[in-house]
Amino acid sequence: MEEDNVNVDVRWMMPPEGVIKINVHSFFSDQQLPNGNHSGIGVVCRNSKGDILRILGGSLCIDNRRNNEYNAFMEGLKVAFVRGYSSIILETDHLDAYWDWYHSAIIGAPAQHARIVQQLNQRKADKNFHTVTRLVAPEDNSLAAYVAQHGAENWKHMVRIRRPFGRVMEIWNSDMGLGEIGPQFEVLLEEDINMGIALGEVEDPHVEQEGDDTGSSGESNDLGLEEPEDLELMDANLVMQE
């Protein structure tokens, strides 16, 4: 019996065992957003099983598109450095920024971007880390893109996200080939869920059980966020489980 040839639309691909894949995206709007932001950055770290290990989103309030893109790269590399990930794949969908950074050693970098490009090259050249940088199609980077735009629209700084919010779970399901969220279910924004919990209409699946020690430090707000005081990355623990 001959096997059928099936064309499969594969999107986000899991990295090899022992490798952490870090997807980054920068959002930029030429028109100022209602909160005064122009830019946002999203960082999503996943392991070889597709578990989400870290999510960061927010804004560094950068008004230059290219510097914002370069800082998205840097925030991803900072995750690897701070958490001690020694083998990483850094993925971005920004063609021009990726191309300019890749060729910066040959063609140099414009003066207004020289410092951030130098720092990126320094991080990538660190012998303690094996870093592969890849350019991917936008549909392969949808979760980081969502986090970046959401961050631009909501925060003036970078925050680490400790549990799914908004469309995170829906996009993650799609990335993992787990199907779409059924029409009978609605992916609510976090504030809607919190209101439902307050009214007794929704049960919070993320409430810590008695004796459950998550190992998280610091206080978090209603969005499940923790705000690094100096924009440095802090520990987080966000693993998708059934």
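Now for a description of the structure that goes with this document. Keep in mind that what you see is a predicted model, and the values were worked out from it rather than measured. (Residues numbered from 1 in each chain as written. Predicted model: local features only at pLDDT ≥ 70, side-chain atom pairs only at ≥ 80, totals over all residues. Heavy atoms only, no water.)

Any two side chains of opposite charge can pair if their charged atoms end up close together. Within this structure, the stated rule accounts for 8 salt bridges. Ionic pairing is found between D100 and R66, a salt bridge with its closest N-O pair at 2.6 Å. In this pair, D100 is assigned in helix α2 (residues 95-102) and R66 in helix α1 (residues 65-83), connecting sequence segments 34 residues apart. When its relative accessible area of 26% is taken as the criterion, D100 is described as partly exposed. The buried category is assigned to R66, whose relative accessible area is 18%. The partner of E75 in a salt bridge is K78, and the shortest N-O contact between them spans 3.2 Å. Pair noted here: E75 and K78 are both in helix α1, with a separation of 3 residues, about one helical turn. (Salt bridge = Lys/Arg side-chain N within 4 Å of Asp/Glu carboxyl O. Helix = DSSP H or I, 4+ residues; strand = E, 2+ residues; numbered from the N terminus. Buried < 20%, exposed > 50% of the residue type's maximum accessible area, 1.4 Å probe, protein only.)

On to the packing of helix α5 (residues 142-154) against helix α6 (residues 168-175). One can describe the packing of α5 onto α6 by two numbers: an axis separation of 9 Å at closest approach and a directional angle of 165 degrees. With respect to α6, the element α5 is oriented roughly antiparallel. Note on packing geometry: the crossing formed by α5 with α6 is right-handed. Between α5 and α6, the contacting residues are S142, L143 and Y146 on the first element and V168, I171 and D175 on the second. The residue inventory of the contact of α5 with α6, partitioned by class, reads 4 nonpolar, 1 polar and 1 charged. (Axes fitted to C-alpha atoms, helices over the stretch in contact; angles between N-to-C directions. Parallel < 35°, antiparallel > 145°, perpendicular 65-115°, else oblique. Left-handed = near helix turned anticlockwise from the far one by under 90°. Contact = heavy atoms within 4.5 Å. Nonpolar A, V, L, I, M, F, W, Y, C, P; charged D, E, K, R; others polar.)

This part takes up the side chain of N68. By the secondary structure assignment, N68 is in helix α1. Discounting residues that sit within four places of it in the chain, N68 has contacts with S26, F27, F28, S39, G40, I41 and I62.

The next thing to look at is α2. What α2 keeps buried is the set A97, Y98 and W101. Mapping the buried residues of α2 onto a view down its axis gives an arc of 100 degrees, with all of them on the same face. (Arc of directions from axis to C-beta.)

Even without a glycine there, the phi angle at C61 is positive, about 55 degrees. As for its placement among the helices and strands, C61 is situated in the loop between β3 (52-58) and α1.

In terms of burial, strand β1 (residues 20-28) is largely enclosed, as 9 of its 9 residues are buried. Because side chains alternate across β1, one face comprises the buried residues I20, I22, V24, S26 and F28, and the other comprises K21, N23, H25 and F27, equally buried. Of the pairings in the sheet, the one linking β1 to strand β4 (residues 87-92) comprises 4 bridges and is parallel in character. Looking at β4, one finds that I20 is bridged to I88. Of the pairings in the sheet, the one linking β1 to strand β2 (residues 39-46) comprises 8 bridges and is antiparallel in character. By the bridge assignment for β2, H25 is matched with G42. (Pairing = 2+ DSSP bridges.)

The grouping of L95, W99 and L135 at the surface amounts to a nonpolar patch, some 310 Å² of accessible area in total. With respect to the helices, strands and loops of the structure, L95 is situated in helix α2. (Patch = residues over 30% accessible without salt bridge, like charges linked within 9 Å, V, L, I, M, F, W, Y side chains within 5 Å. Areas by Shrake-Rupley, 256 points an atom, 1.4 Å probe, with all protein chains shown as cover.)

The next point concerns the nonpolar core. In this structure, I22, V43, Y70, F73, W101 and L120 are the most contacted members of the largest nonpolar core, which totals 24 residues. Of the residues forming this core, the biggest block, 7 residues, is contributed by α1. When neighbours within four sequence positions are excluded, W101 is seen to be in contact with Y70, F73, L77, L90, V117, L120, N121, K124 and T133. If you look at the next biggest cluster of nonpolar residues, it comprises 14 residues, including I55, A144, Y146 and W155. (Core = buried A, V, L, I, M, F, W, Y, C linked by side-chain atoms within 4.5 Å.)

For the rest of this paragraph, the subject is the packing of α1 against α2. Two numbers describe how α1 lies on α2: the axes approach to 10 Å, and their chain directions differ by 70 degrees. Between α1 and α2, the interaxial angle falls into the category roughly perpendicular. Side by side, α1 and α2 meet where R66, E69, Y70, F73 and L77 of the first sit next to D96, A97, Y98, D100 and W101 of the second. Along the lines of polarity and charge, the residues of the contact of α1 with α2 split into 6 nonpolar, no polar and 4 charged.

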